[in-house]
Amino acid sequence: MDLPIPRVGITAVGSYLPARQLTSQQLQDEVTAGLRLPERMFEKATGIVTRRFAAEGEYASTLALGAARRALDARGTDPLDIDLLLYASATRDVCEPATAHLVQAELGSRAHALDVSNACNSFLNGIDLARAMILAGRARRALVVTGETPSRAMRRDPGGLADFREGFAGYTFGDAGAAVVVEPVERGGILDVETETASEHWAVGGIPGGGSRHPRGDEYSYFRGGGKELRGVFEKIGGDILTRVAARTGLGWDAYARVLVHQVTVPYLERFVELTGVPAEKLVLTVPDLGNIASATLGVQLDRVKDTLNPGDRVLLVGLGGGVSLMTMVWEVS
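Everything in this summary refers to the structure shown in the same document. (Residues numbered from 1 in each chain as written. Predicted model: local features only at pLDDT ≥ 70, side-chain atom pairs only at ≥ 80, totals over all residues. Heavy atoms only, no water.)

**Quick word on the sheet that holds strand β4 (residues 84-88)**
Argument step 1. Strand order in the open sheet formed by 5 strands is β1-β7-β6-β4-β5, with mixed pairing between adjacent strands. Two strands lie at the open edges of the sheet, namely β1 (8-16) and β5 (112-116), each paired on one side alone. Ignoring which end each strand starts from, the neighbouring axes of this sheet average 20° apart.
Argument step 2. With 5 bridges connecting them, β4 and β5 associate as parallel partners. When the bridges of β5 are listed, A88 appears paired with V116.
Argument step 3. Most of the contacts of helix α3 (residues 60-75) go to β1, to which it runs at about 125°, and overall it touches β1, β4, β6 (142-148) and β7 (176-184). (Pairing = 2+ DSSP bridges. Helix = DSSP H or I, 4+ residues; strand = E, 2+ residues; numbered from the N terminus. Axes fitted to C-alpha atoms, helices over the stretch in contact; angles between N-to-C directions. Contact = heavy atoms within 4.5 Å.)

**Some points on helix α10 (residues 297-305)**
Argument step 1. The element α10 is extensively covered by neighbouring structure, given that 8 of its 9 residues are classed as buried.
Argument step 2. Where α10 is concerned, the buried positions are T297, L298, G299, V300, Q301, L302, D303 and V305. (Buried < 20%, exposed > 50% of the residue type's maximum accessible area, 1.4 Å probe, protein only.)

**Let's talk about empty space enclosed by the protein**
Rolled over the atoms, a probe as big as a water molecule pinpoints where empty space is left.
Argument step 1. Summed over all chains, the structure comprises 1 cavity of 30 Å³ or more.
Argument step 2. When grouped by side-chain class, the residues that make up the lining of the largest cavity number 4 nonpolar, 2 polar and no charged. (1 Å grid on protein atoms, 1.4 Å probe; cavity = no way out; pocket = protein on both sides within 12 Å on 5 of 7 lines; lining within 4 Å. Points joined across faces, edges and corners; volume = space filled by probe spheres on them. Nonpolar A, V, L, I, M, F, W, Y, C, P; charged D, E, K, R; others polar.)

**So, the nonpolar core**
Argument step 1. Judged by nonpolar contacts, the single largest core of 37 residues is most densely connected at I127, V144, V180, V182, L302, L317 and W331.
Argument step 2. In terms of residue count, the dominant contributor to this core is helix α5 (residues 122-135) (6 residues).
Argument step 3. Those residues in contact with V144 that lie beyond four places of it in its chain are L86, A88, F123, G126, I127, A130, A178, A179, V180 and V182. (Core = buried A, V, L, I, M, F, W, Y, C linked by side-chain atoms within 4.5 Å.)

**Description of the packing of α3 against helix α4 (residues 99-107)**
Argument step 1. In contact at an axis separation of 10 Å, α3 and α4 are set at 50° when each is read in the N-to-C sense. When the axes of α3 and α4 are compared, the pair comes out oblique. Our pair here, α3 against α4, has a crossing hand that is right-handed. The segment α3 lies against α4, with S61, A64, L65, A68, R69 and L72 engaging T99, L102, V103, E106 and L107. (Parallel < 35°, antiparallel > 145°, perpendicular 65-115°, else oblique. Left-handed = near helix turned anticlockwise from the far one by under 90°.)

**Focus on the environment of L298**
Argument step 1. With respect to the helices, strands and loops of the structure, L298 is situated in helix α10.
Argument step 2. A residue is classified by how much of its surface remains accessible, and L298, at 7% relative accessible area, is buried.
Argument step 3. On a C-alpha basis, the gap between L298 and D157 in space is 30 Å, while along the polypeptide they are 141 residues apart.
Argument step 4. Not counting the four nearest positions on each side in its chain, L298 is found in contact with L124, L260, V261, H262, L317, V318 and G319.

So, in structure tokens, the structure goes:
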């Protein structure tokens, strides 16, 4: 007799936004003193109207902790019932130890705790790793969290137009936290995962400081990158991954209740719709009011729509990350 295929799914979601809100014009006024720029240039170029910034004394772990508590409350689960805690983020509190330990110390759990880092795909990678460890019998119930404070990698005082242009992609950032509980389910769950990686483009964008190449120096702590170059890479390789998912699963756009996509700017998202044909009404817009919130993007979107989803609904998650990596996940509500 064939044994049933084990299923693992997302059983609870939580997100957390810092209270401090800044308009794009306020940010533009703050960072471009001495530079003559058109009024509302940031907003017009990116489609981002507002974003949230962590306050003094708030850290990446603070945002992750807020989201984690909401996810656990939604599930009705005690922190001590978690046996795997993955902090999956592009941002960390300290270089060592893993930020997962800082979250866990405040949360009060005793789980196996570690960090997962892959730029803006970190959270999706974390969910996939949690699923794999549960299927392997290494964990029973996992909490995957992210806290993102990329606003602190913005160059606030560019020395001129060259510095401004090099750091412009950083002015799309906002801060947020997200969390999910991942555990075995009787039906539905995570049905499919696909990845595409083009590591030869790793130098296109990122934060060069904090590692062994540039361990010290403020100059290396700012985000540097070419938005157009990153967009070109994603456009070149992004279509193939969606074609493979559709061919393998047999699912077209009409099979999904929602399509959650990592969002950098509004024009970037509009180009994604144009290239893929995804119905715009299936998307969940976060970038106009939150900006690019890095790996928290998909978790925040999922939290916004979770109450509208019914058992059997399918959600396609599409992640894009520097490095460069793409990732998709098909999840069916249990």
